[in-house]
Amino acid sequence: MPGTCNDAWVQWTVLVPVKALPAAKSRLADFSADAQAHARLVEAMRVDTLAAARAAAGVARIVRIGDSAEVDHDLLQRRPGLNAALLEGARYARERWPHDGVAALVGDLPALTASELAGALATAAHHETAFVADSVGTGTTLLTARPTARFEPRFGPDSAIRHAVDATPLPAGPGLRQDVDTADDLRAALLLGVGPQTLAVLSVGPRESSTVHRNGA
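Because the structure is a prediction, the values reported are computed rather than measured. (Residues numbered from 1 in each chain as written. Predicted model: local features only at pLDDT ≥ 70, side-chain atom pairs only at ≥ 80, totals over all residues. Heavy atoms only, no water.)

Novice: Would you take a moment to explain the nonpolar core for this structure?
Specialist: One broad trend across soluble globular proteins is that nonpolar side chains are buried collectively. One finds L105, L117, L142 and F151 to be the most contacted residues of the largest nonpolar core, which totals 46 residues. Of all the elements in the fold, those that place two or more residues in this core are strand 1 (12-18), helix 1 (35-55), strand 2 (59-66), helix 2 (82-96), strand 4 (101-105), helix 3 (114-124), strand 5 (129-133) and strand 6 (140-145). Take this core: its biggest share by element is 6 residues, from helix 3. Excluding anything up to four places from it in sequence, F151 contacts L15, L86, L87, A90, R94, V102, A104, L143 and A145. (Core = buried A, V, L, I, M, F, W, Y, C linked by side-chain atoms within 4.5 Å. Buried < 20%, exposed > 50% of the residue type's maximum accessible area, 1.4 Å probe, protein only. Helix = DSSP H or I, 4+ residues; strand = E, 2+ residues; numbered from the N terminus. Contact = heavy atoms within 4.5 Å.)

Structure below.
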């Protein structure tokens, strides 16, 4: 059973994987006019996600894990695969900041707000390990482990089911749950309100822009 903890004060090192183009978000390619537009969209979503994460209470730092020297990163992964990269990131973080928890956050959450992430992390601090399922309920957008807890990422198809074996599912706001893999996902994020960089790239019209919030709102 997932564990709970009475000591709920935790600061977090947030790990964010950043994948090189053109492989990043390949299923969104049809939504963009060309490869350059696709690249701008992917980067804009990352920027908005990172901006919200940096503004969230409880986040001590962010470590971006890159799979190529072509992307901005704090740590370049040595082994292929998302889960391997996150394990490397967790080891890196715990060697340097052993008193802080580790949280893996996907980088495609353009509607994320700082308050949503802060709330989820505050709740996660009560549990040894915890996770947030995506809007469909099968994937994972956030995985957390307290400073001494085992961090075992199982991202991929049906990751929410696998994480639920030993991690506690967390309630979360819609922006934290709405990751973007497809054009339909992006439209759903727009209805929630996306960050300024994503909005600028998409050149959203007046009606849709009226719903847009600022990260940290």
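After that view of the structure, there is still more to cover.
Novice: How do you make sense of the environment of V201 when you look at a structure like this?
Specialist: Topologically, V201 is positioned in helix 7 (residues 196-202). Sequence spacing of V201 and L41 is 160 residues, and the spatial spacing of their C-alpha atoms is 6.1 Å. Leave out the neighbours within four places in its chain, and V201 touches R40, L41 and A44.

Novice: Explain the sheet that holds strand 5 here, please?
Specialist: Neighbouring strands of a sheet are bound in pairs by backbone hydrogen bonds; such pairs are parallel or else antiparallel. Here 7 strands make up an open sheet; going across it, the order is 3-2-1-4-6-5-7 and the pairing mixed. At either margin of the open sheet sits one strand with a lone partner, and together these are strand 3 (75-76) and strand 7 (168-169). In terms of strand pairing, strand 5 meets strand 7 through 2 bridges, oriented parallel. When the bridges of strand 7 are listed, F131 appears paired with P169. Helix-sheet contacts for helix 1 involve strand 1, strand 2 and strand 4, and the interaxial angle to strand 2 is about 155 degrees. Lying over the sheet, helix 2 contacts strand 1, strand 2, strand 3, strand 4 and strand 6, oriented at roughly 145 degrees with respect to strand 1. (Pairing = 2+ DSSP bridges. Axes fitted to C-alpha atoms, helices over the stretch in contact; angles between N-to-C directions.)

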